[in-house]
Amino acid sequence: MVADLAPPETVEGILALFRHRGGRVTASRRLVVRCLLESGTHPTADELVSAVHREDPTVHRSTVYRNLEELERLGVVEHVHLGHGAATYHLATERHGHLVCDRCGRQIEVPETVFGELARIARDRYGFEVRPRHFAVPGLCRTCAGQEAPTAEGAPATTRA
């Protein structure tokens, strides 16, 4: 990221960051960024390739992958492992953790503060810095567990099925 500014959240803001770092803004790069922002979900690289190909089938899949790597290097996107499948991507401004139901696959986004105590214990007892945004915590959602689950203090969880 430039200085200590938050990662940009618009196509033009992200492309400006590429320019600032000496990168070129190509039509395919613009398309990859736009499709990522318009996805509305946490797309996998292959899902992003499909979205790009719907608009321009001439963009090579390696171009999409290279752009994702560069976006991650610039601090614009983060990838997360939501289970046994491929990594998914989302804007780095969307700071949150993930809970994934082992039974139905439901994904629940939670504030990253939910993992604060785990991070503190890992750091204090084991000298280990946890990166809770990089992985999902598996378990059973409220429906699959068949019981009420406690709600997060102060901020309700956003769910995606």
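Residues numbered from 1 in each chain as written. Predicted model: local features only at pLDDT ≥ 70, side-chain atom pairs only at ≥ 80, totals over all residues. Heavy atoms only, no water.

If you look at the biggest cluster of nonpolar residues, it comprises 24 residues, and the most contacted ones within it are Val64, Leu71 and Val76. Secondary structure elements with two or more residues in this core: helix H1 (11-20), helix H2 (27-38), helix H3 (45-55), helix H4 (61-73) and strand E2 (88-91). With residues near it in sequence (within four places) discarded, Val64 still touches Val32, Ala45, Leu48, Val49, Val52 and Val59. Ile108, Val110, Phe115 and Cys141 belong to the second largest nonpolar core, which has six residues in total. (Core = buried A, V, L, I, M, F, W, Y, C linked by side-chain atoms within 4.5 Å. Buried < 20%, exposed > 50% of the residue type's maximum accessible area, 1.4 Å probe, protein only. Helix = DSSP H or I, 4+ residues; strand = E, 2+ residues; numbered from the N terminus. Contact = heavy atoms within 4.5 Å.)

We now examine the packing of aromatic side chains. Under the definition given, this model contains zero aromatic pairs. Taking the ring centre of Phe18 as reference, the NZ or CZ of Arg29 above it sits at 4.0 Å. (Phe/Tyr/Trp six-rings, centres within 6.5 Å; stacked < 30°, edge-to-face > 60°. Lys NZ or Arg CZ within 6 Å of the ring centre and 35° of its normal.)

With respect to the helices, strands and loops of the structure, Cys101 is situated in strand E3 (residues 96-101). Residue class for Cys101 comes out buried when judged on its relative accessible area of 4%. Each C-alpha atom of the pair Cys101 and Thr143 lies 9.6 Å from the other, and the pair is 42 residues apart in sequence. Among residues more than four places away in sequence, those in contact with Cys101 are Arg106, Gly139, Leu140, Cys141 and Cys144.

Another aspect to go through is the packing of H2 against H3. Direction vectors running N to C along H2 and H3 enclose 120°, while the axes themselves pass 9 Å from each other. Our classification of the angle between H2 and H3 gives oblique. You can see that H2 and H3 cross each other, and the crossing is right-handed. On H3, the residues that touch Leu31, Val32, Arg34, Cys35 and Leu36 of H2 are Leu48, Ala51, Val52 and Glu55. (Axes fitted to C-alpha atoms, helices over the stretch in contact; angles between N-to-C directions. Parallel < 35°, antiparallel > 145°, perpendicular 65-115°, else oblique. Left-handed = near helix turned anticlockwise from the far one by under 90°.)

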